[in-house]
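A structural walkthrough
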Amino acid sequence: IRIASALVTSGPNETLGLDSQYGVEVAIKQRGEILGHPIELQAEDAGCSAEGGQTAATKIASDPSIIAVVGHNCSSSCTPAAPIYNDAGLTMISPSCTAPALTGPDTHVPSFLRTAHNDNVQGRVMAEFVYNVLGLRTAATIHDGSPYAEQLQQVFADVFTELGGTITAQEAVNVGDTDMRPVLTSIATGSPEFLYYPIFIAEGGFITTQAKEIAGLENTVLAGADGMISPDFIKAAGDAAEGMFISGPDFSFQGERYEQFKADYEEISGQEFLSAFHSHAYDAANMIFDAVEKVAKQDADGNLIIGRQALRDALYSTKDFDGITGKLTCDENGDCADPKIAVNQIQDGEYVPVFRNGKVIGEIRGFDIAVEGGSEAMMEELPDLGGRKVTIAVENAYLPFNYIDLNTGEAAGWDYDAWDEICRRLNCEPQYVEVAWDGMIAAVSQGQFDVAADGITITEERAKVVDFSDGYISVEQRLLVRKDEDRFTNLDEFKANDELIIGTQVGTTNYLTAVDFVGENRVVTFDQFGLAVQALLAGDVDAVIIDDTAGQGYVGVHAEDLKLIEGTLSSDQLGFIFPKGSDLVEPVNKALASMKADGFLEQLSEKYFSDKFTITYDDIAEPSYSQ
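Here's what I pulled together on the structure shown here. Keep in mind it's a predicted model, so treat the numbers as computed, not measured. Throughout this description, residue numbers start from 1 for each chain and increase along the sequence as written. Given that this is a predicted model, residues contribute local features only at a pLDDT of at least 70 and side-chain atom pairs are listed and counted only at 80 or more, while totals for whole chains, interfaces and linings are drawn from all residues. Where side-chain values are given, they derive from all heavy atoms of the structure, hydrogens and water being excluded.

1. Section: the state of the cysteines
Disulfides are defined as cysteine sulfur pairs within 2.5 Å. Scanning all chains against the criterion turns up four disulfides. Each sulfur in the disulfide pair cysteine 330 and cysteine 336 lies 2.1 Å from the other. Note on the cysteine 330 and cysteine 336 pair: the S-S dihedral is about 110°, so by sign convention the disulfide is right-handed. Just as cysteine 330 is buried, cysteine 336 falls in that class too. Residue cysteine 423 pairs covalently with cysteine 428 via a disulfide, S to S 2.1 Å. Handedness of the cysteine 423-cysteine 428 disulfide follows from its S-S torsion of about -100°: it is left-handed. The pair formed by cysteine 423 and cysteine 428 is uniform in burial state, with each residue classed as buried. If the cysteines joined by disulfides in the protein chain are listed in sequence order, their pairing comes out as 1-2, 3-4, 5-6, 7-8. For each residue, the accessible area found with a 1.4 Å probe, counting protein chains only, is set against the maximum for its type, and the residue is called buried under 20%, exposed over 50%, and partly exposed in between.

2. Some thoughts on the packing of aromatic side chains
The rule is short: rings of Phe, Tyr and Trp, with Trp giving its six-membered ring, pair when the centres are within 6.5 Å, and they are stacked under 30 degrees, edge-to-face over 60, tilted in between. Throughout the structure, instances matching the rule amount to 25 aromatic pairs. Both rings, one in phenylalanine 156 and one in phenylalanine 160, keep their centres 5.6 Å apart while their planes meet at 15°; by these two values the pair is stacked. Taken together, the residues phenylalanine 156 and phenylalanine 160, both in helix α5 (residues 147-163) and four residues apart, mark about one turn of the helix. The pair formed by phenylalanine 156 and phenylalanine 160 is uniform in burial state, with each residue classed as buried. Ring centres of tyrosine 398 and phenylalanine 401 lie 5.2 Å apart, and the angle between their planes is 45°; this geometry places the pair in the tilted category. Overall, tyrosine 398 belongs to the buried group, its relative accessible area being 6%. Note on geometry: a ring has a charge over it if NZ (lysine) or CZ (arginine) is within 6 Å of the ring centre and within 35 degrees of the ring normal. In this structure, arginine 137 is placed above the aromatic ring of tyrosine 131, and the distance from its NZ or CZ to the ring centre is 3.6 Å. Comment: elements are numbered from the N terminus, with helices defined as DSSP H or I runs of at least four residues and strands as E runs of at least two.

3. Observations concerning unusual backbone geometry
Across the junction of glycine 71 and histidine 72, the peptide omega takes the value -5°, indicating a cis bond. With respect to the element layout, histidine 72 can be found in the loop between β5 (66-71) and α3 (75-88). A cis amide bond links leucine 399 to the next residue, proline 400, at an omega of -5°. Non-glycine residue aspartate 320 carries a positive phi angle of around 55°.

4. Quick look at the pattern of salt bridges
We count a salt bridge whenever a side-chain nitrogen from Lys or Arg sits within 4 Å of a carboxyl oxygen from Asp or Glu. Across all of its chains, the model carries 30 salt bridges by this definition. Across the pair arginine 356 and aspartate 250 runs a salt bridge whose closest N-O atoms are separated by 3.0 Å. Here arginine 356 is found in strand β18 (residues 350-356), whereas its partner aspartate 250 is found in the loop between β12 (245-249) and α9 (256-269), with 106 residues between them in sequence. Owing to a relative accessible area of 4%, arginine 356 belongs among the buried residues under this scheme. Its salt-bridge partner being arginine 487, residue glutamate 485 comes within 2.8 Å of it at the nearest N-O pair. We classify glutamate 485 as buried; its relative accessible area is 9%. Counted as one network, the salt bridges with shared partners bring together Arg482, Glu485, Arg487 and Asp542.

5. Thoughts on helix α20 (residues 600-608)
Among the residues of α20, those classed as buried are Phe600, Leu601, Leu604 and Tyr608. Projected onto a plane normal to the axis of α20, the buried residues spread over an arc of 100° and lie on a single side. Whether two residues are in contact is decided by their heavy atoms: any pair within 4.5 Å suffices. Lining the buried residues of α20 we find β21 (403-404), α13 (414-426) and α19 (585-597). To be clear, the arc concerns the directions from the helix axis to the C-beta atoms.

6. What to know about the sheet that holds strand β6 (residues 92-94)
For two strands to pair, DSSP has to find at least two bridges joining them. With parallel pairing, five strands are arranged side by side in an open sheet as β4-β1-β5-β6-β7. At either end of the open sheet lies a strand with only one pairing partner, and these are β4 (40-45) and β7 (112-114). For this sheet the average axis-to-axis angle between neighbouring strands, irrespective of direction, equals 25°. Sheet topology places strand β1 (residues 2-7) next to β4; six bridges connect them, and they run parallel. In the strand pairing of β4, alanine 4 is matched with glutamine 42. The angle between two axes is taken between their N-to-C directions and runs from 0 to 180 degrees, where each axis is a line fitted to C-alpha atoms and a helix contributes only its stretch in contact.

7. Considerations on the packing of helix α4 (residues 119-134) against α5
Between α4 and α5, the shortest axis-to-axis distance is 8 Å and the interhelical angle comes to 45°. The angle between the axes of α4 and α5 places the two elements in the oblique class. Here the hand of the crossing between α4 and α5 comes out right-handed. Residues Asp119, Asn120, Gln122, Gly123, Arg124, Met126, Ala127, Glu128, Val130 and Tyr131 of α4 touch α5, and the partners they reach there are Tyr148, Leu152, Val155, Phe156, Val159, Phe160, Glu162 and Leu163. All residues other than Ala, Val, Leu, Ile, Met, Phe, Trp, Tyr, Cys, Pro, Asp, Glu, Lys and Arg, Gly among them, are scored as polar; the first ten of these are nonpolar and the last four charged. Across the contact of α4 with α5, the residue classes break down as eleven nonpolar, three polar and four charged. Should an angle fall under 35 degrees it is taken as roughly parallel, and over 145 as roughly antiparallel, whereas 65 to 115 is taken as roughly perpendicular and any remaining angle as oblique. With the far helix as reference, a near helix turned anticlockwise by less than a right angle produces a left-handed crossing, and one turned clockwise produces a right-handed crossing.

Given below as structure tokens:
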């Protein structure tokens, strides 16, 4: 099985490409073979230019034995390569081509996918950091004419202006320029507080050193991006780089898998990580390998037949791929990344993360800014569970916490994302087991599972038989009613009418709240919330007491038939449950605290508890126990 890599493996930016190349080689080493066939790699130097990209793509596309490409590195190389691969029916996955136009709805070429972030994300993060954290209000930019640099600085400029800042200049240099003083002198006339030049190593080094010589820029804060994450840039810029900021991928990867990747990388390369996109290249290669396993067919002679279009279709259908860089899901325009951006400050010649997930997480030298809610030390101090397997009971029938996607058959939801991240931080292996709600708490209390994750409300009664984690989210209990309901308009009117009946799920906090609200004789229970809602629609009950989030989901599906009435019956904290005396409670609480401090829980809330979450109960499969 032959794949190609097309990366920049020579010249001033070679560390960018070699770093990705070693990531691909680690993936091949670890996979070994696919369906009994060895994996071969044809490595091409695609440079960091349009000419290099076109030359490499033309050579690769002419070889019918190659099934897919990991590459290219630079957006200027990716841009001309994509149409060449497309004409040949090949698919490329770039680990580091981040220009927004490459996946723009009107400019995307179907052959192109990427595991790297979209610079629409990176540019915004840097602008928000400069404006909101550093408190600077004027900025200038420099690009080198490449799609990467030109588009990234433009996103930064647009967002910075949108926030209320002023862009004093947007200038350009040429690749290969060495004297940056004329451009810097022009920029100095506007007296910018901040100068962002997301370009590459050589030109970035010249700008960094020469900016210190220009009158009017002595106090200007300097910054670049991931094209300058390399020991070669530190050498090129020398002491002048000290204190400058560099945006790029968040490297806060942890766990046994990442440590093994790191060890294999160093064994193959003979050195530590060279640049920023080794993990993205590793994930790209493994996405290709997994897609091959899905679509390859064996003929009567034992040959493996891999259709190029089938392979492309399989790659575009990638959902929740478990990569080192996160959970990857590809959209229709080829963006597959789980985009996490950090801002680093060069301190004592090292790239030190100081900002991620909207939080300051480390000392920012030269600025009197407090660390918010913790630091890198918080991650480092988390317990190491040594790869321990943790069995996690889930219902797979409770949006948005856990469910089975009807189209893909794959499990997803808040609980899955949260526990994948907890185990990444604690070095454990989550093993999910589908369990009906009515027996879940008892099963955990008896030690059948290590933990249950099902949006479980923390109550004193339950705490008598299980241990709870710290609360991770609050939910409100509300009444879901038919849209044409006119017998009552609020909670008090419902309670006052003894003929009105509430439906809810048996054994839940919603049931207990319902009994407290109207008495047991006015409550009808069902095995699942979905059945209670069906009874409401059929007129068999007059309301369903339900968590606000789940209720919003049902209203989204049945907008013409259902509504939530004003007012809340209670507000409760949710937590994970463990057998009494479990040694997992403390490390999980520490992991949750770190996830809150660095903004991860906030990201999950944005993903699952906002209008971005569009999955409805009509979109999920019934759990196996109900079948």
